[in-house]
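Each chain, letter by letter, is given below.
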Amino acid sequence: MTRKYFGTDGVRGRVGQTPITPDFVMRLGFSAGKVLAARGGRAGHLKADGRPEVLIGKDTRISGYMLEAALEAGFSAAGVDVCLVGPMPTPAVAYLTRALRLRAGVVISASHNPYYDNGIKFFSAGGTKLDDAIETEIEAGIDAPIACVASPELGRARRIGDAAGRYIEFCKSAFPNEFDLRGLKIAVDCAHGAAYHIAPHVFHELGAEVVAIGAEPDGLNINRDVGATSTAALCRTVLSSQADLGIALDGDGDRVIMADAKGRVFDGDQLLLAVVRSRLRHGPVAGVVGTLMTNLAFEHVLAGLKVPFARAAVGDRYVLEKLLENGWLYGGENSGHIICLDKHTTGDGIVSALQVLTALREEGGDLDSLLAGLTLYPQQLINVPLSQGFSWQDHPGIAAVRREVEAELAGTGRVLLRASGTEPLLRVMVEGRDAGQVAAAAEKLSNAAREAVGV
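Residues numbered from 1 in each chain as written. Predicted model: local features only at pLDDT ≥ 70, side-chain atom pairs only at ≥ 80, totals over all residues. Heavy atoms only, no water.

1. Let's talk about the pattern of salt bridges
Inference 1: The full count for this structure, using the stated rule, is 33 salt bridges.
Inference 2: A salt bridge links D81 to R51; the shortest N-O distance between them is 3.1 Å. Here D81 is found in strand β3 (residues 81-87), whereas its partner R51 is found in the loop between α1 (22-39) and β2 (53-58), with 30 residues between them in sequence.
Inference 3: Judged by relative accessible area, R51 falls into the buried class, the value being 12%. (Salt bridge = Lys/Arg side-chain N within 4 Å of Asp/Glu carboxyl O. Helix = DSSP H or I, 4+ residues; strand = E, 2+ residues; numbered from the N terminus. Buried < 20%, exposed > 50% of the residue type's maximum accessible area, 1.4 Å probe, protein only.)

Written out as structure tokens, the structure reads:
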């Protein structure tokens with residue numbers, strides 16, 4: 001079934017335009033509340049009076065206040081109680097939902113997108129993304145009128161005051177007791193996002209000297225020239241403060257990109273390899289999941305380590321699905337989503353950074369030495385604006401240029417075209433051994449796509 005509202009990471013869009021409007025979000029909350037209530041749950045996921053209870057967190061976008069109120073109203077009308085935690089990283093909502101034994105968790109965030117976008121995503125009682133089947137069931141009820149429950153059955157709301165402290169302690173527990181971060185100076189870029197009041201405390205309390213940037217959200221500056229999608233600010237800070245490492249999160253705290261003392265940036269593929277090599281010190285690794293965007297060099301290094309590798313569709317939910325299907329623990333994306341199922345149920349930027357720091361403490365040295373033997377193949381990604389409903393898959397002009405580019409690469413690289421699941425963009429990616437050839441091929445293919453779309 002083709003879904004109308006849900007994408008690869010919940011419902012997302014421009015604030016004020018369908019579906020990110022107060023009336024839609026209230027109907028979404030009502031439909032979700034009815035579905036979650038009807039599905040029942042274990043006794044531990046119900047209050048003493050038998051009522052379901054959900055947790056709502058958000059990032060620092062100004063629209064979060066409006067959407068939080070709309071969601072709360074929808075859940076209340078459906079007879080579902082709500083716990084509010086305010087600005088909180090996405091993985092924190094996943095953790096708190098599980099730790100507090102609630103029916104579901106909801107995050108109001110558009111992750112790495114600009115402030116004028118926002119979105120809604122759901123977590124199950126177990127702290128994992130909701131199954132597609134449940135999201136489809138929720139979607140089926142969104143366009144129906146709201147029929148409020150009787151007054152005695154209305155949901156109530158309460159605020160959890162110690163949520164930040166609970167999550168900070170959880171993150172710290174993901175770092176081995178025998179190690180600390182004393183002697184390290186770490187620049188931490190919070191992207192003016194949901195981790196602004198969390199991440200600096202985690203690394204400081206583990207012993208590091210922390211230089212925090214991107215930790216002054218004003219509702220409009222989330223992800224703007226900072227964070228995992230804009231690492232120049234982190235690199236400047238690392239160099240100017242003479243830090244040993246830099247850690248950049250994205251707006252909702254589930255991605256991480258790192259930099260070394262020389263300001264060299266390390267992406268999700270590289271950081272995931274550091275984690276896998278750390279785990280190999282303690283025993284075999286059953287397998288690793290990447291995505292269609294994962295660098296070929298990463299796959300080749302894993303083959304040398306005799307670690308099985310599988311690719312999933314782009315999106316951390318699909319990485320998780322493949323991990324669970326294969327019974328594996330480690331996976332991720334080059335964008336910085338890293339999943340370590342031995343530490344958390346979802347991707348977590350802070351926890352993932354701590355796994356890399358664990359590897360550094362075990363091995364000594366720096367990130368560059370930790371990743372010896374991995375030289376990423378040049379990879380060029382160009383985004384082309386995509387008109388709604390445009391059928392790029394069937395366009396003969398795009399197909400013809402793609403065949404030309406693949407013939408030019410002659411088996412030394414690969415081409416990937418895909419529509420973004422979170423933005424109206426066509427992602428054009430070319431990867432190969434020769435950087436000049438890759439850049440030229442990506443430009444040729446993206447120009448063809450622009451011409452086809454009419455940009």
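2. Details of the environment of F6
Inference 1: By secondary structure assignment, the location of F6 is in the segment before β1 (11-14).
Inference 2: Classification of F6 by relative accessible area gives buried; the value is 6%.
Inference 3: Among residues more than four places away in sequence, those in contact with F6 are V11, L28, F122, E135, I138, E139 and I142. (Contact = heavy atoms within 4.5 Å.)

3. What to know about the nonpolar core
Inference 1: In this structure, F203, I350 and L357 are the most contacted members of the largest nonpolar core, which totals 70 residues.
Inference 2: A per-element tally of this core places helix α11 (residues 349-363) first, with 8 residues.
Inference 3: Residues within four places of I350 in sequence aside, it is in contact with Y167, C171, I198, A199, V202, F203, L249 and G253.
Inference 4: Of all hydrophobic cores here, the second largest spans 31 residues; its members include L36, V80, A104 and I142. (Core = buried A, V, L, I, M, F, W, Y, C linked by side-chain atoms within 4.5 Å.)

4. Looking at the side chain of R279
Inference 1: Inspection of the secondary structure assignment puts R279 in helix α8 (residues 268-280).
Inference 2: Within the structure, the side chain of R279 is placed 2.9 Å from the side chain of Q355, a separation counted as a polar contact.
Inference 3: Residues in contact with R279, not counting those within four places in the same chain, are V285, Y330, C340, D342, K343 and Q355. (Polar contact = N/O pair within 3.5 Å; in protein donor to acceptor, adjacent residues only side chain to side chain.)

5. Some thoughts on the packing of aromatic side chains
Inference 1: Tallied over the full model, the rule gives 7 aromatic pairs.
Inference 2: Measuring from ring centre to ring centre gives 6.2 Å for F6 and F122, while their planes differ by 40°; the resulting arrangement is tilted. Pair noted here: F6 is in the segment before β1 and F122 is in strand β5 (residues 117-123), with a separation of 116 residues, a long-range link. Residue F6 shares its accessibility class with F122, and that shared class is buried.
Inference 3: Ring centres 6.5 Å apart and planes at 55° place the aromatic pair F175 and F179 in the tilted group.
Inference 4: A relative accessible area of 24% places F179 in the partly exposed class.
Inference 5: When the ring centre of Y65 is taken as origin, the NZ or CZ atom of K58, which lies over that ring, is 3.8 Å away. (Phe/Tyr/Trp six-rings, centres within 6.5 Å; stacked < 30°, edge-to-face > 60°. Lys NZ or Arg CZ within 6 Å of the ring centre and 35° of its normal.)

6. A look at the sheet that holds strand β8 (residues 209-213)
Inference 1: Pairing is mixed across the open sheet formed by 5 strands, whose spatial order is β8-β7-β9-β10-β11. In the strand order of this sheet, the two ends are held by β8 and β11 (265-266), each with one partner.
Inference 2: Inspection of the sheet shows strand β10 (residues 256-260) paired to β11 by 2 bridges, in the antiparallel sense. In the strand pairing of β11, A259 is matched with V265. (Pairing = 2+ DSSP bridges.)

7. Observations concerning the packing of α1 against helix α2 (residues 63-77)
Inference 1: One way to put it is that α1 packs onto α2 with a least axis distance of 7 Å and a crossing angle of 40°. Crossing of α1 against α2: the hand is right-handed. Contact residues: α1 offers P22, V25, M26, G29, F30, A32, G33 and L36, while α2 offers M66, L67, A70, L71, A73, G74, F75 and A77. (Axes fitted to C-alpha atoms, helices over the stretch in contact; angles between N-to-C directions. Left-handed = near helix turned anticlockwise from the far one by under 90°.)

8. Details of the sheet that holds strand β18 (residues 425-432)
Inference 1: Strand order in the open sheet made by the 3 strands is β16-β18-β17, with antiparallel pairing throughout. A single partner strand is all that each edge strand has here, and the edge strands are β16 (379-385) and β17 (413-419). Within this sheet the neighbouring strands show an average axis-to-axis angle of 15°, counted without direction.
Inference 2: Note: β17 against β18, 7 bridges, orientation antiparallel. Note on β18: the bridge partner recorded for L416 is M429.
Inference 3: Lying on the sheet, helix α14 (residues 435-453) is in contact with β16, β17 and β18; it crosses β16 at an angle near 10°.

Purely geometric stuff here, so don't read any function into it on its own.
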